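Chain by chain, the residues:
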Amino acid sequence: GALGNSKKVNLEGKVRRPCREAVPETGCLDCGCPFEVEQCRAFATAARAVGDTGLYCWEHEGGLSHQALEDFPACYFPLESSDDVEEFLNFYDVNAPIVGSTIFSAAGTWGALSFGGGDFAVLGGSPAFMAAVYTALGTTVEEQVRTFFTGYEGSMWLRDYREGIAKPHCAWVPELLVHLD
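All figures in this text were calculated on a predicted structure; none of them were measured in a lab.

Undergrad: Would you take a moment to explain the pairing of strand β1 (residues 25–30) for this structure?
TA: The element β1 is extensively covered by neighbouring structure, given that five of its six residues are classed as buried. The pairing of β1 with strand β6 (residues 120–125) spans six bridges and is classified as antiparallel. Looking at β6, one finds that Cys28 is bridged to Val122.

Undergrad: Please explain helix α1 (residues 37–49) as it appears in this structure.
TA: Residue pairs three or four apart in sequence face the same way in an α-helix, which turns once every 3.6 residues. For α1, spanning 13 residues, the distance from its first C-alpha to its last is 18 Å, which sits close to the expected 18 Å at 1.5 Å a residue. Within α1 the residues assigned to the buried category are Gln39, Cys40, Ala42, Phe43, Ala44, Ala46 and Ala47. Looking one or two places after α1, you find Gly51, whose phi comes out positive at around 90°.

Undergrad: I'm lost on the confidence of the model for the protein chain in this one. Help?
TA: Low pLDDT means the predicted coordinates in that region are not meant to be read closely. Averaged over all residues, the pLDDT of the protein chain is 79; the fraction at 70 or higher stands at 77%. A low-confidence stretch, residues 1–19 stays under pLDDT 50, and its non-local contacts, those more than four residues away or across chains, total 34 contacts.

Undergrad: Got a minute to help me understand the packing of α1 against helix α3 (residues 82–94) in this structure?
TA: In a pair of packed helices, the angle between the axes and the distance between the axes together describe the arrangement. Direction vectors running N to C along α1 and α3 enclose 150°, while the axes themselves pass 10 Å from each other. By the angle between their axes, α1 is roughly antiparallel relative to α3. Judged by the twist between their axes, the crossing of α1 over α3 is right-handed. Between α1, through Val37, Cys40, Arg41, Ala44 and Arg48, and α3, the contact on the second element is made entirely by Ser82, Val85, Glu86, Phe88, Leu89, Tyr92 and Asp93. Class assignment of the residues belonging to the contact of α1 with α3 gives a composition of seven nonpolar, one polar and four charged.

Definitions and cut-offs
- Residues take numbers from 1 onward in each chain, read along the sequence in its written order.
- Where totals are concerned, whole chains, interfaces and linings use all residues; where local detail is concerned, this predicted model gives features only for residues with pLDDT of at least 70, and gives and counts side-chain atom pairs only at 80 or more.
- Only heavy atoms go into the side-chain values, all of them from the structure, while hydrogens and water stay out.
- Buried means the residue's accessible area, taken with a 1.4 Å probe over protein chains only, is under 20% of the maximum for its type, while exposed means over 50%, and partly exposed covers the values in between.
- Only runs of H or I of at least four residues qualify as helices and only runs of E of at least two qualify as strands under DSSP, and these elements are numbered from the N terminus.
- When DSSP finds two or more bridges between a pair of strands, those strands are recorded as paired.
- Here a helix's expected span is defined as the number of its residues, less one, multiplied by 1.5 Å.
- For every residue, the predictor reports its confidence as pLDDT, a number between 0 and 100.
- Contacts are assigned to residue pairs with any non-hydrogen atoms lying within 4.5 Å of each other.
- A fitted line through C-alpha atoms serves as each axis, taken over the contacting stretch for helices, and the angle formed by two N-to-C directions is quoted from 0 to 180°.
- In these notes the angle categories are as follows: under 35 degrees is roughly parallel, over 145 is roughly antiparallel, 65 to 115 is roughly perpendicular, and the rest is oblique.
- Crossings are classed by handedness, with left-handed meaning an anticlockwise turn of the near helix from the far one by less than a right angle and right-handed meaning a clockwise turn.
- Each residue is assigned to one of three groups, with Ala, Val, Leu, Ile, Met, Phe, Trp, Tyr, Cys and Pro labelled nonpolar, Asp, Glu, Lys and Arg labelled charged, and all others, Gly among them, labelled polar.

Structure representation (C-alpha cells):
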C-alpha cells in the first residue's frame, strides 16, 4: 500500500467521502506555497488529457471563505491550446500568491489546494487526472504519501493513530487519503 512498511491503517467506516462523485480520488503533493510553475503545468497538462477545456486559479489573499471568493474572485483560463497553457503559467509565475492558491477545473472534475505554511497540497480528480499529474511530475501517489507522512501534519497524525489517541492531531488526514489501501 501507499504507507510502505508502516502499520496498516484501516479507514473503513471511519470517514465519509471527502469529495463529490465527480472527484473520486484524492491525494497529496509535496510542494511549497505557492505551487511551483512545473506543478501548475502538470495540472494543466493533465486537465487537457482528460478533456477539460479550462481552469480557475484562485489566490487566497483574503482567506478561505465565500466572502473571500467574492472579494478576490478566481481567474478563468482556457486550456484549448498550448498557448493558453503558457498564458496561464506566465500569469501564475508573475502573480504567485504568498498565502496559497486553489487551481480547479472549470467543469468541477478536479482541483488542487495549497494553503499557507503547509509543505503539501491536496489534489482530487479522476484516476486518469491523478495519474497524469503524478506522471508529469515524475513521481507516484505512493511516493507523495510517504513524503507526506514524514512531514509535519502527516507524522503527527500517524504518531497519534499508532498510539491509539481518540482525537488525533490533523484528524482530516484519513479523509484526504480515503482511496488508498
